[in-house]
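Next come the chains, spelled out residue by residue.
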Amino acid sequence: MATKLDIISNARILLADTPVYDLNEIPEQEYIFNSLYRNMLQMKYWKFSLKRAELSRITEAPLFGYKYAFQLPFDFANLTRFDNDINVTSYEILGDQLLCDNEEMRIEFTSLDTPVESCTPMVVKYLEYQTAAELSYLITEDKTIANNFIALATRQLNKAASRDSMNERSKTIWKSQFEYARRSGTRSTINGLNNTKYWS
């Protein structure tokens, strides 16, 4: 299992720089990695980042639109599905809350708190390329090198996603729908629309 230190060190080697043995020596580079890793977790429905949770209902009811509000997990990235035993007909994600008319709520989601050590080898390789691209501005100041690693990272991300993210036949709520709902507070209706994917 690759660690954060391993990935950053390998990225430096790709740039013909020396490896690093202590993250305390490179706080700026660690910050860059943490940022791109968080972004990566939000890009796809990675299987290795899945969690399930029973949400706590908030005492104060929503101002309008729905009967109940539930607190989303602190590490919530993307909603993948609801518990099959809960019939959710419509919902809304508003900030860090999930609004609906159901009295209870259990969800599966991708987590921003996923350890780097959980990543698959293909994802690790993407992280090495992307980290090299980001660090190249600091280490080489060569935009051509940065662009080359960005191209490598993009191809590797596509490979990793086709292998390690949830496939299209899983019961997955489309990412674009949730991003829109989270940012705008738009209501999302489940049944009868093409924004839900079901297990075959």
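Caption draft 1: The arrangement of the overall build of the chain in detail. A tally of helices and strands in the chain yields 5 helices and 8 strands. Put simply, the chain runs from its N terminus to its C terminus through helices and strands in the order α-α-β-β-β-β-β-β-β-α-α-α-β. In the chain, which comprises 200 residues, the share counted as buried stands at 47%. Excluding contacts between residues fewer than 6 apart, the proportion of contacts in the chain whose partners are at least 24 apart in sequence is 73%.

Caption draft 2: Geometry of the pattern of salt bridges. Taken as a whole and judged by the stated rule, the model has 8 salt bridges. Note that Lys4 and Glu30 form a salt bridge whose closest N and O atoms lie 3.1 Å from each other. Of this pair, Lys4 sits in helix α1 (residues 4-14) while Glu30 sits in helix α2 (residues 27-43), and the two are 26 residues apart along the sequence. A relative accessible area of 21% means that Glu30 is categorised as partly exposed. Among the salt bridges present, the one from Lys125 reaches Glu128, with a minimum N-O distance of 3.2 Å. With a gap of 3 residues between them, Lys125 and Glu128 both fall in helix α3 (residues 121-139), about one helical turn apart.

Caption draft 3: Structural context of the side chain of Glu128. By relative accessible area, Glu128 is classed as buried at 8%. Residues in contact with Glu128, not counting those within four places in the same chain, are Ile7, Asn10, Ala11 and Leu14.

Caption draft 4: Looking closely at the sheet that holds strand β7 (residues 106-111). Taken together, 3 strands build an open sheet; the order of strands is β1-β7-β4 and the sheet is antiparallel. Strands with a single pairing partner mark the edges of an open sheet, and in this sheet they are β1 (50-54) and β4 (76-82). Direction aside, the axes of adjacent strands within the sheet are offset by 35° on average. Strands β4 and β7 of the sheet are contacted by α2, whose axis makes an angle of about 20° with β4.

Caption draft 5: Inspection of the nonpolar core at higher detail. By size, the foremost hydrophobic cluster in this structure holds 32 residues, and its most contacted members are Phe33, Tyr37, Met40, Trp46, Val123 and Leu127. Sorting the residues of this core by element identifies α1, α2, α3 and α4 (143-164) as the ones contributing at least two each. Of the residues forming this core, the biggest block, 8 residues, is contributed by α3. Filtering out sequence-adjacent residues up to four positions away, Trp46 remains in contact with Met40, Leu41, Thr110, Val123, Leu157, Ala160, Ala161, Asp164 and Ser165. The next biggest cluster of nonpolar side chains, apart from the first, holds 16 residues, and it includes Tyr68, Leu72, Ile86 and Phe109.

Caption draft 6: How the structure looks around the pairing of β4. Extensive coverage of β4 is indicated by the burial of 7 of its 7 residues. As defined by bridge partners, β4 adjoins β7 across 5 bridges and the pair is classed as antiparallel. Across the sheet, residue Phe76 finds its bridge partner in β7, namely Ser111.

Caption draft 7: How the structure looks around α1. Lys4, Ile7, Ile8, Ser9, Ala11 and Arg12 are the residues of α1 that are buried. Taken together, the buried residues of α1 touch α2 and α3.

Caption draft 8: Broad picture of the packing of α1 against α2. Between α1 and α2, whose axes approach to 11 Å, the crossing angle comes to 110°. The angle between α1 and α2 falls in the class roughly perpendicular. For the pair α1 and α2, the contacting residues are Lys4, Ile7, Ile8 and Arg12 in the first and Gln29, Glu30, Phe33 and Asn34 in the second. Per-class residue counts for the contact of α1 with α2 are 3 nonpolar, 2 polar and 3 charged.

Caption draft 9: Main features of the pairing of strand β6 (residues 97-100). As paired elements, strand β3 (residues 68-71) and β6 share 4 bridges and run antiparallel to each other. The residue of β6 that forms the bridge with Tyr68 is Cys100. Direction of pairing for strand β5 (residues 90-94) relative to β6: antiparallel, over a ladder of 4 bridges. For Tyr91, the partnering residue across the bridge sits in β6 and is Cys100. Between β5 and β6, which pair antiparallel in sequence order, lie 2 residues; one of them, Gly95, sits at a positive phi of approximately 65°.

The rules behind these values
Residues numbered from 1 in each chain as written. Predicted model: local features only at pLDDT ≥ 70, side-chain atom pairs only at ≥ 80, totals over all residues. Heavy atoms only, no water. Helix = DSSP H or I, 4+ residues; strand = E, 2+ residues; numbered from the N terminus. Buried < 20%, exposed > 50% of the residue type's maximum accessible area, 1.4 Å probe, protein only. Contact = heavy atoms within 4.5 Å. Salt bridge = Lys/Arg side-chain N within 4 Å of Asp/Glu carboxyl O. Pairing = 2+ DSSP bridges. Axes fitted to C-alpha atoms, helices over the stretch in contact; angles between N-to-C directions. Core = buried A, V, L, I, M, F, W, Y, C linked by side-chain atoms within 4.5 Å. Parallel < 35°, antiparallel > 145°, perpendicular 65-115°, else oblique. Nonpolar A, V, L, I, M, F, W, Y, C, P; charged D, E, K, R; others polar.

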